[in-house]
Amino acid sequence: MNAVSEADRAALRESVASLLNRRSSEAEVRRLMETEHGYDTATWRQMADQLGLQGLIIPDSYGGSGFTFAELGVVFEEMGKALYCGPFLATVLASAALLECEETLRKEHLPRIAAGELIATVAVEPWLAGGGFSPTVSAAYSGSGWQLDGQADFVLSGLHAELIVVLAGVEGKPALFAVSGDSANLARTPLDTTDRTRKQARLDFTAVPAALIAEGTRATEIAQRICVIGAVALAAEQAGGIAEVLRMAVSYAQTREQFGRAIGSFQAVKHTCADMLVLATSAAAVARKAAAAVSADFGDLRVLAGVAKSYCSEAFIEAAADNIQVHGGIGFTWEHPAHLYLRRAMTSNVMFGDAGHHRELLAGQLGV
Amino acid sequence: MRPADELRKFLEHELPDFKREWGSDRGFDARRAWQARLHSGNWVAPGWPAEDGGRGLGVADRVACDLVSGELDAPVIAGILGVNNVGPTIAAWGTPEQRAHLSRILAADEIWCQGFSEPDAGSDLAGLRTRAVRDGDEFVINGQKVWTSEGMRATHCQLLVRTDPDVPKHKGISALLVPLDLPGIERRPLRQLTGESDFAELFFSDVRVPVSNLLGPEGEGWKVTMTTLSHERAGVITIATQLEADVERLIAKTNQRTLATPLRGDLRDELIQRYVQARVLAMVGEVSLSNAEAGRPGAEQAVIKLSWSQLSQQLGATKMALAGLGAVCGQEPDAERSFLGSRATTIAGGTTEIMKNILAERVLGLPRERERG
């Protein structure tokens, strides 16, 4: 792993922010929201070619940059700020799964992912709600290989992913499979999401051929790791989103005048902005700590992931709502970007476990 | 050996002796005796520069030492205000003669309090009215101070007075070093709603002090008082970490209790919410610490004070909720004290309303509201 200084991370942040500034403007976000696939292939390619983002945590030996999740967290923060539309989270989660698999699989897929040539995702919904494993997709072995039957719902970037890592049940026991997105008998239906910047699909499997990549306890471990990384990545995005809505609210409070002065000179408005600043500062601190814990593999990574996701999920909803409040009537319009952040906050909250779910898990971990 | 480890060794040696002598007594005399012990090892003010009698420790080491003291449950010293607030101010602004107070502060020969707030000057401290009128080579002081911590037992007071009523309010304030045994000074204990009297009211009637007791230039009292920033920073980070320890202790205690009867669902969630908040607060503290070490400014410090004060109150409420009926019938003094005592956290040292104004104006750059008149 490369040793990264604070200055290096700051430089990475600047580069990502600069790219997103050019390629993920509000106009572009709104344009992509209305498309079925929801992302721009040229931007996706630029992310790989110019900054190696897709391969950031993939080791050099597979064509990546070999950085840590602390650096990836910075990328997610900036994407959260810009509401980047694209299959980045999905692909990162799939790479995280593949990194845990055996060598042939890693060599087969990771270099193409790092190069921005392969878009991938994960379908691990049965694990997201915690509790026992009740698979919605089952796998059976026939003469010609494994086949999957059933339904996977809420799959990020599921409509256009070329590689899908699916958690399925083999006689009721967890196993992970790799499925090709363009398989015959795989029906992919786009979902009508509250947050149109983030596409999700339902996948219907009818005897779809699949490659077994992990089974039993190993499959469980990998699926749980995907959920932890998903929670931490989302926490980083949420922290970025909070920073952006704070900036928006303060900017408006400084310029909008009523009663002969800027509305930000009124204490009530000041206090709302101060509350948002507390949320932004706190979310950034916990999201970054959790991100650092992923690669450093701290003893209490799962606790940190839960603390980060539960805090940041609620903080983002609150901040996004406060932002609308500061904007008054104009904040309630379609044309103003405030609701885009609220929609993102609403969705990020429930993905990979909402705040209450993570507190429930924490209670168990703390023996409460 | 790192300073905190050195301190640990020292405390592990001294505490048992102290506890044999004083038991669980943490009254003023006990704390004065503890300070004498710390003084023998030069551990009263490790954050002070060596030339002032300290060890010159940086913020990180100071926090680490505070945490060791907290962990080992060492008493707070009697002269805490002198060490954390008044001493550093005298070190920064004092004349060579005034600097002689420093060694007496360390030895607990002098116990200092700060005379700042008045009945009509709380959040608007700069509106203070205690008057010091020049008469030859003396000032004559008349007025009243309130919410003076340790005011009853202190020997000296860092007093903020108005020396010029005809200039803008911040410019007409001076700081005076006042011995509290002078004629004309009366003190009364102020009883807070928890029942104790940790504070005093001070009354000044024609009290005469030499002009040479001015700390810093006349009319610069406001600037002089703003000096103690770096000590505050360490203190704020320490309280953030201590709250985390407080929550973890509460969880351990609750887990023990609920072995027989499971915890009600909403109380479980409330307890975990406190855990999440406390952990997040401690992480903001870590960020503040690394900013302090790198000499970087940051909003974290003000954010911590605000978050800490709110979490303290919420934690008090959670303790009460967990304790049930016993809490209001004298069976859970800690829960009762936490709840009642924490009403002050959003008021003392800067009210929540003022803190939010400061965050909004100084950090976010929102416009100030014009003062009337």
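These numbers were taken from a predicted model, which means no experiment stands behind them.

The rules we used
- Residues numbered from 1 in each chain as written.
- Chains lettered and ligands numbered in written order.
- Predicted model: local features only at pLDDT ≥ 70, side-chain atom pairs only at ≥ 80, totals over all residues.
- Heavy atoms only, no water.
- Helix = DSSP H or I, 4+ residues; strand = E, 2+ residues; numbered from the N terminus.
- Rg over C-alpha atoms; globule rule 2.2 N^0.38 Å.
- Buried < 20%, exposed > 50% of the residue type's maximum accessible area, 1.4 Å probe, protein only.
- Contact = heavy atoms within 4.5 Å.
- Areas by Shrake-Rupley, 256 points an atom, 1.4 Å probe, with all protein chains shown as cover.
- Lys, Arg positive; Asp, Glu negative; His and termini not counted.
- Charge placed at Lys NZ, Arg CZ, Asp CG, Glu CD.
- Buried area = accessible area lost by both parts, 1.4 Å probe.
- Salt bridge = Lys/Arg side-chain N within 4 Å of Asp/Glu carboxyl O.
- Polar contact = N/O pair within 3.5 Å; in protein donor to acceptor, adjacent residues only side chain to side chain.
- Pairing = 2+ DSSP bridges.

1. With respect to the overall build of chain B
Of regular secondary structure, chain B possesses eleven helices and eight strands. Against the compact-globule benchmark of 21 Å for 373 residues, chain B has a radius of gyration of 22 Å, which places it among compact chains. Based on the C-alpha atoms only, the size of chain B along its principal axes is roughly 75 × 50 × 45 Å. Evaluated residue by residue, chain B yields a buried proportion of 49% over its 373 residues. Considering only residue pairs separated by 6 or more positions, chain B has 69% of its internal contacts joining residues 24 or more positions apart. Taken as a whole, chain B presents about 17700 Å² of accessible surface, with 52% of it coming from carbon and sulfur. The averaged location of the 51 negative side-chain charges in chain B is 3 Å from the averaged location of its 44 positive side-chain charges.

2. Some remarks on the interface of chain A and chain B
Reports of interface size often rely on the accessible area that becomes lost once the parts have come together. On the side of chain B, 35 residues touch chain A, which itself brings 34 residues to the contact. Between chain A and chain B, the buried area comes to about 3000 Å², and carbon and sulfur atoms account for 68% of it. Among the residues of chain A in contact with chain B, A:Lys270, A:Arg359 and A:Val368 are the three that bury the most area, contributing 20% of the side total. Joining chain A to chain B, the criterion identifies six salt bridges. Its salt-bridge partner being A:Arg359, residue B:Asp269 comes within 2.7 Å of it at the nearest N-O pair. Run the count over chain A and chain B and you get 13 residue pairs in polar contact (both at pLDDT 80 or more).

3. Regarding the pairing of strand β3 (residues 138–149) of chain B
All names here are of chain B. With five bridges joining them, strand β2 (residues 131–135) and β3 adopt antiparallel strand pairing. The residue of β3 that forms the bridge with Asp135 is Glu138. Between β2 and the antiparallel strand that follows it, β3, lie two residues; Gly136 among them carries a positive phi value of about 70°. Note that β3 and strand β7 (residues 199–210) share nine bridges and pair antiparallel. Bridging across to β7, Phe139 finds its partner in Val209.

4. Points about the pattern of salt bridges
Residues and elements named next belong to chain A. Here the structure, examined in full by the defined rule, presents 55 salt bridges over all chains. One salt bridge in this structure joins Arg9 and Glu71, with 2.5 Å as the shortest N-O distance. Taken together, the positions of Arg9 in helix α1 (residues 6–23) and Glu71 in helix α4 (residues 69–82) put the pair 62 residues apart, joining distant regions of the chain. With relative accessibility at 2%, the residue Glu71 sits in the buried group. Among the salt bridges present, the one from Arg344 reaches Glu237, with a minimum N-O distance of 3.2 Å. Of this pair, Arg344 sits in helix α11 (residues 338–350) while Glu237 sits in helix α8 (residues 216–255), placing them 107 residues apart in sequence. Assigned by exposure class, Arg344 and Glu237 land together as buried. A network of salt bridges, in which partner residues are shared, links Arg13, Glu77, Glu78, Lys81 and Arg288.

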